Amino acid sequence: MNDIHNRSEPRSIYEATMDAKFGIHYNDMNARLYRRLDFLFGFIGLFGGSSALVAAIGSYQALGIASGAAIAACAVIERLVSSTEKALKHDDYKRRFGALVARCSQLTLEQIDQELITLQTEAPSGFHALKVPAYNALVKANSQIKYVLPQSMWENIMERIA
């Protein structure tokens, strides 16, 4: 990507609008990923609970210990990650960036940039590995295929999960 400080031409409203659209894509990908994590935690909890029941009924001590440990670990991770809350926050910021995009044609560059700074500062932190996939989704959605960036293996994996 170009370094904004080493440019000969000034920043345009089109570029500012693209930055706001990036916020839509990035927050959407993060919200989907957090919802999938929430599903995974729920699945592990339900599956682990069923396994614990089977272990208790059938006197399978090893299964009971393993399922109990999985449920406990999942509960701790779920509590630390707060995936449901983070998905909701990312959905909210996706809408906020969308509202900015809808108003961009009525705003000056300075007004757009001011709102972008506020949104970017207040938005929840997301997965860094989703930045390039979100950028690529943005340029593809805007028919700018020549600007697609190469992705690392980790970024490809995260994109597929999201």
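Residues numbered from 1 in each chain as written. Predicted model: local features only at pLDDT ≥ 70, side-chain atom pairs only at ≥ 80, totals over all residues. Heavy atoms only, no water.

(A) Representation of unusual backbone geometry within the structure. Backbone geometry at S143 places phi at a positive 55 degrees, although glycine is not the residue there. Of the residues examined, S143 reaches a relative accessible area of 62% and is grouped as exposed. (Buried < 20%, exposed > 50% of the residue type's maximum accessible area, 1.4 Å probe, protein only.)

(B) Structural context of the packing of aromatic side chains. Applying the stated criterion across every chain, the model contains 3 aromatic pairs. Considering the side-chain rings of Y34 and F127, the 5.1 Å spacing of their centres and the 40 degrees angle between planes classify their relative orientation as tilted. Taken together, the residues span a long stretch of sequence, with Y34 in helix α1 (residues 13–58) and F127 in the loop between α4 (109–122) and α5 (131–141) at a distance of 93 residues. For Y34, a relative accessible area of 6% corresponds to the buried category. Against the face of Y93 rests R96, its NZ or CZ located 4.5 Å from the ring centre. (Phe/Tyr/Trp six-rings, centres within 6.5 Å; stacked < 30°, edge-to-face > 60°. Helix = DSSP H or I, 4+ residues; strand = E, 2+ residues; numbered from the N terminus. Lys NZ or Arg CZ within 6 Å of the ring centre and 35° of its normal.)

(C) Looking closely at α5. Listing the buried residues of α5 in full gives V132, P133, A134, Y135, N136, L138 and V139. Those residues of α5 that are buried lie in contact with α1 and α6 (153–161). S143 lies just past α5 and shows a positive phi near 55 degrees. (Contact = heavy atoms within 4.5 Å.)

(D) Structural context of the pattern of salt bridges. Enumeration according to the criterion identifies 8 salt bridges in this entry. D113 is the salt-bridge partner of R11, the closest N and O atoms lying 2.8 Å from each other. Of the two residues, R11 is situated in the segment before α1 and D113 in helix α4; the sequence distance between them amounts to 102 residues. Residue classification places D113 among the partly exposed residues on the basis of a relative accessible area of 21%. The partner of E122 in a salt bridge is R96, and the shortest N-O contact between them spans 4.0 Å. In this pair, E122 sits in helix α4 while R96 sits in helix α3 (residues 83–103), placing the two residues 26 residues apart along the sequence. Bridged by salt links that share partners, the residues R11, D19 and D113 form one connected network. (Salt bridge = Lys/Arg side-chain N within 4 Å of Asp/Glu carboxyl O.)

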